[in-house]
Amino acid sequence: MLDRVRLEATAKMDRRQRSELGQFLTPSNIARFMATLFRPGNFDNNMEDARLLDAGAGVGSLSAAFLERWSDGEFKFRSVSATAYEVDDSLRGHLTQTLKNYVDRLKLSVAISGDDFVESAVNQLQFQRGMSFTHAILNPPYKKISSRSHHRLLLRQAGIETVNLYTAFVALAISLLTPGGQLVAIIPRSFCNGPYYRPFREFLMRQVAIHHIHLFASRNKAFKDDDVLQENIILMLERDAEQGAVKISTSTDDSFADYMEHDHPFDRVVFPGDIESFIHVPTTPEHSAMELSSAFVCSLADIGMNVSTGPVVDFRLKEFLRMSPESGTVPLLYPAHFTGQRVEWPKEGIKKPNAMVHNSETEKWLYPNGFYVVVRRFSSKEEKRRIVASLVSPALCDTTHIGFENHLNVFHYSKHGLSEDLACGLMVYLNSTTVDDHFRRFSGHTQVNATDLRLMKYPKRKTLAELGCWAKERGELTQQQIDEKVGSIA
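Keep in mind that what you see is a predicted model, and the values were worked out from it rather than measured.

What counts, and where the lines are drawn
Residues numbered from 1 in each chain as written. Predicted model: local features only at pLDDT ≥ 70, side-chain atom pairs only at ≥ 80, totals over all residues. Heavy atoms only, no water. Core = buried A, V, L, I, M, F, W, Y, C linked by side-chain atoms within 4.5 Å. Buried < 20%, exposed > 50% of the residue type's maximum accessible area, 1.4 Å probe, protein only. Contact = heavy atoms within 4.5 Å. Pairing = 2+ DSSP bridges. Helix = DSSP H or I, 4+ residues; strand = E, 2+ residues; numbered from the N terminus. Axes fitted to C-alpha atoms, helices over the stretch in contact; angles between N-to-C directions. Phe/Tyr/Trp six-rings, centres within 6.5 Å; stacked < 30°, edge-to-face > 60°. Expected span 1.5 Å × (residues − 1). Arc of directions from axis to C-beta. pLDDT = per-residue confidence, 0-100. Salt bridge = Lys/Arg side-chain N within 4 Å of Asp/Glu carboxyl O. Parallel < 35°, antiparallel > 145°, perpendicular 65-115°, else oblique. Left-handed = near helix turned anticlockwise from the far one by under 90°. Nonpolar A, V, L, I, M, F, W, Y, C, P; charged D, E, K, R; others polar.

## Quick notes on the nonpolar core
Residues Leu 53, Phe 117, Leu 183, Phe 191, Leu 204, Ile 213 and Ile 279 are the most contacted members of the largest nonpolar core, which totals 49 residues. Excluding residues within four positions of it along the chain, Leu 204 makes contact with Ile 174, Phe 191, Leu 237 and Ile 279. Listed in part, the 37 residues of the second largest apolar core include Ile 303, Phe 371, Val 428 and Leu 453.

Here it is as structure tokens:
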């Protein structure tokens, strides 16, 4: 019933308005699953009133799923008060009717607001107005917040620094929870890594325990009716709770037909000592070969190596970019220049520049020509490998310097090249199935960040150099040769 209402309401919404609001309505299957994640807790007794928050409520699918669970006797609350926010006038009528169906038969009080949730929540937090909630269930809007926007300024007043409405909604909902309160939200996975979401991840580490993470294996199935190509996860969080093991579950889509779950210690989700607080989603309980091997114990610092994001941000240096090499320019390498382990430069027929002017203004963005190992920051979900490493050799060009664009990760030594043997050995190691399998277990996302690579373990420097010598003697290697050789040192 609600799915029909959802689809009809979505069809009537103006596409531009939907884009501006950044809201995609929740299918009933997902809503029901989300409601099952709430745990019986401090509030689950016959004498307690549950206080439910649904911010960005749409037609009420999430609130309805929660109330159905209560109606079926799975929650023992004496009564429930539900507060739902929805700014879209066309959806609030559906939301009102959805909740009215429960008011007529349950001890339920409802408050529906058309106010901006961010503004309302910040006011409540600043002036201590309104109630604190025992439960929150959210499918927040997905929309970037500009640094000087009204929302960004409001959030800073509440001590929240973030770049997207979905993380803003979650942070505010957590702030409005009473100690022990629980939140379940379906949100994009993008917050799990990357520097822009670091303040939000740090906020989570301070405020909540992560009890459950559900990952949809297919990028386009969770909101298939809306053609949303987005990696989505469902989080179950508890305010001011002790962090224990995390249940990780997966399913291909919202049918949950191939649902699987495993418990993982928290240190496999957020690695100890990781100053970025990256959130990993291990998809199998088994430890990877890299974790089990005593041969892979070194950090990059141990082997005298660094990895950095390519320093050239092209839109900031437009005046210095050239489509083809010319006098006074140096190579500028983009992901498009790399196919597997090979580098093709210059490359005709691509939309990206091949070169960059080398002068006193640009030299600080360039590296001296030498041996480097490069890993693309982004791969498609369908690619066989997440980590594909390529060797950049000084034989690529006769210039003194070379440029690496921002969508590449570059292994170097203090912004200089590596020795040839070390670079070749590192490339072989990174292209092994051992490394790719480890990365997939912990980082199912398609983005490969420099921090991900920095946190991995590596063989000793001498072992990498020996691996490089072996590789140079054999020329182009097959995957089987790489895996057998790396397996022999594990």
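Moving on, there is more to tell.
## A look at the sheet that holds strand 15 (residues 355-357)
Spatial ordering of the open sheet is given by 11-15-12-19-16, a layout of five strands whose pairing is mixed. Edge positions in the sheet fall to strand 11 (321-322) and strand 16 (367-368), since each has one partner strand and no second. Bridging between strand 11 and strand 15 involves two bridges; their strand directions are antiparallel. Its bridge partner lying in strand 15, Arg 322 is registered against Ala 355.

## Regarding the sheet that holds strand 8 (residues 246-251)
Reading across the sheet, the nine strands line up as 3-2-1-4-5-7-6-8-9 and stay open at both edges, with mixed pairing between neighbours. Here the strands that pair on one side only, and so sit at the sheet edges, are strand 3 (108-113) and strand 9 (260-264). Going from strand to strand, the sheet's axes swing by 15 degrees on average, the running direction of each strand aside. Here strand 5 (residues 177-188) pairs with strand 7 (residues 232-239) via seven bridges, running antiparallel. Opposite Gln 182, over in strand 7, you have Glu 238 as the bridge partner. Lying over the sheet, helix 8 (residues 165-175) contacts strand 1 (49-55), strand 4 (133-138), strand 5, strand 6 (208-216) and strand 7, oriented at roughly 165 degrees with respect to strand 5.

## Details of the packing of aromatic side chains
This model, assessed by the stated rule, comprises 18 aromatic pairs. When the ring of Phe 296 is compared with that of Tyr 429, the centres are 5.3 Å apart and the planes differ by 50 degrees; the resulting orientation is tilted. Separated by 133 residues along the polypeptide, Phe 296 in the loop between helix 10 (289-292) and strand 10 (306-309) and Tyr 429 in helix 11 (residues 420-430) bring together distant segments of the chain. Summarising the burial analysis for this pair, Phe 296 and Tyr 429 share the class buried. Each ring, one from Tyr 367 and one from Tyr 372, has its centre 5.7 Å from the other, and the planes form 40 degrees; the classification is tilted. Per residue, the accessibility class of Tyr 367 equals that of Tyr 372, and both read buried. A network of ring pairs unites the aromatic residues Phe 33, Phe 216, Phe 256 and Tyr 259 as a single cluster.

## A short note on helix 14 (residues 461-474)
Counted at 1.5 Å a residue, the expected span for helix 14 with its 14 residues is 20 Å, and the 20 Å between its end C-alpha atoms agrees. For helix 14, the complete set of buried residues consists of Leu 464, Leu 467, Gly 468, Trp 470 and Ala 471. The buried residues of helix 14 occupy an angular sector of 165 degrees when the element is viewed end-on, so they sit on one face. More than 90 degrees from the buried face of helix 14, the exposed residues found are Lys 462 and Glu 473. Turning to helix 14, the residues buried within the fold contact helix 11 and helix 15 (479-489). Immediately beyond the C-terminal end of helix 14, within one or two residues, lies Gly 475, with a positive phi of roughly 70 degrees.

## Let's talk about the confidence of the model for the protein chain
Model confidence for the protein chain is summarised by a mean pLDDT of 87, while 87% of its residues fall at 70 or above. The low-confidence segment residues 222-229, where pLDDT is below 50, has 25 contacts with residues more than four positions distant or belonging to other chains.

## Focus on the environment of Ala 64
Secondary-structure assignment places Ala 64 in helix 4 (residues 61-71). Given a relative accessible area of 4%, Ala 64 falls into the buried group.

## Here we look at the pattern of salt bridges
Throughout the structure, instances matching the rule amount to 17 salt bridges. With a shortest N-O distance of 3.0 Å, Arg 69 and Glu 74 are connected by a salt bridge. A residue is classified by how much of its surface remains accessible, and Glu 74, at 43% relative accessible area, is partly exposed. Linked through salt bridges whose partners overlap, the residues forming this network are Arg 198, Arg 201, Glu 202 and Glu 276.

## What to know about unusual backbone geometry
Trans is the prevailing form of peptide bonds, just as negative phi is the prevailing case for residues other than glycine. Backbone torsion omega between Trp 345 and Pro 346 reads -10 degrees, so that peptide bond is classified as cis. Looking at the element boundaries, Pro 346 is found in the loop between strand 14 (342-343) and strand 15. Even without being glycine, Asp 240 reaches a positive phi, approximately 55 degrees. Checked against the element boundaries, Asp 240 lands in the loop between strand 7 and strand 8. Among the residues examined, Asp 240 registers a relative accessible area of 45% and is labelled partly exposed. The backbone of Phe 256 sits at a positive phi, close to 55 degrees, despite the residue not being glycine.

## A look at the packing of helix 6 (residues 117-127) against helix 8
Their axes nearest at 10 Å, the elements helix 6 and helix 8 cross at an angle of 30 degrees. Comparing the axis directions of helix 6 and helix 8 gives the class roughly parallel. Here helix 6 runs over helix 8; the crossing is left-handed. Within the contact between the two elements, helix 6 uses Phe 117, Val 118, Ala 121, Val 122 and Leu 125 and helix 8 uses Leu 165, Phe 169, Leu 172, Ala 173 and Ser 175. By residue class, the composition of the contact of helix 6 with helix 8 is nine nonpolar, one polar and no charged.

## A few points about the pairing of strand 20 (residues 408-412)
Taking burial as the measure, the five residues of strand 20 include five buried ones, the bulk of the element. Residues Leu 408, Val 410 and His 412 of strand 20 are buried on one face, and the alternating residues Asn 409 and Phe 411, pointing to the opposite face, are buried as well. Both strand 10 and strand 20 contribute to a ladder of four bridges, which runs antiparallel. Each residue of the ladder has a partner; that of Ser 308, found in strand 20, is Val 410.

## Some thoughts on the pairing of strand 8
Sheet faces and side chains relate simply in a regular strand, where the side chains alternate between the two faces. The buried fraction of strand 8 amounts to five of the six residues, a majority that puts the element mostly inside the structure. Pairing geometry for strand 6 and strand 8, over five bridges, is parallel. Its bridge partner lying in strand 8, Ile 213 is registered against Ile 248. In this sheet, strand 9 lies alongside strand 8 in antiparallel orientation, the contact comprising five bridges. Bridging across to strand 9, Ile 248 finds its partner in His 262.

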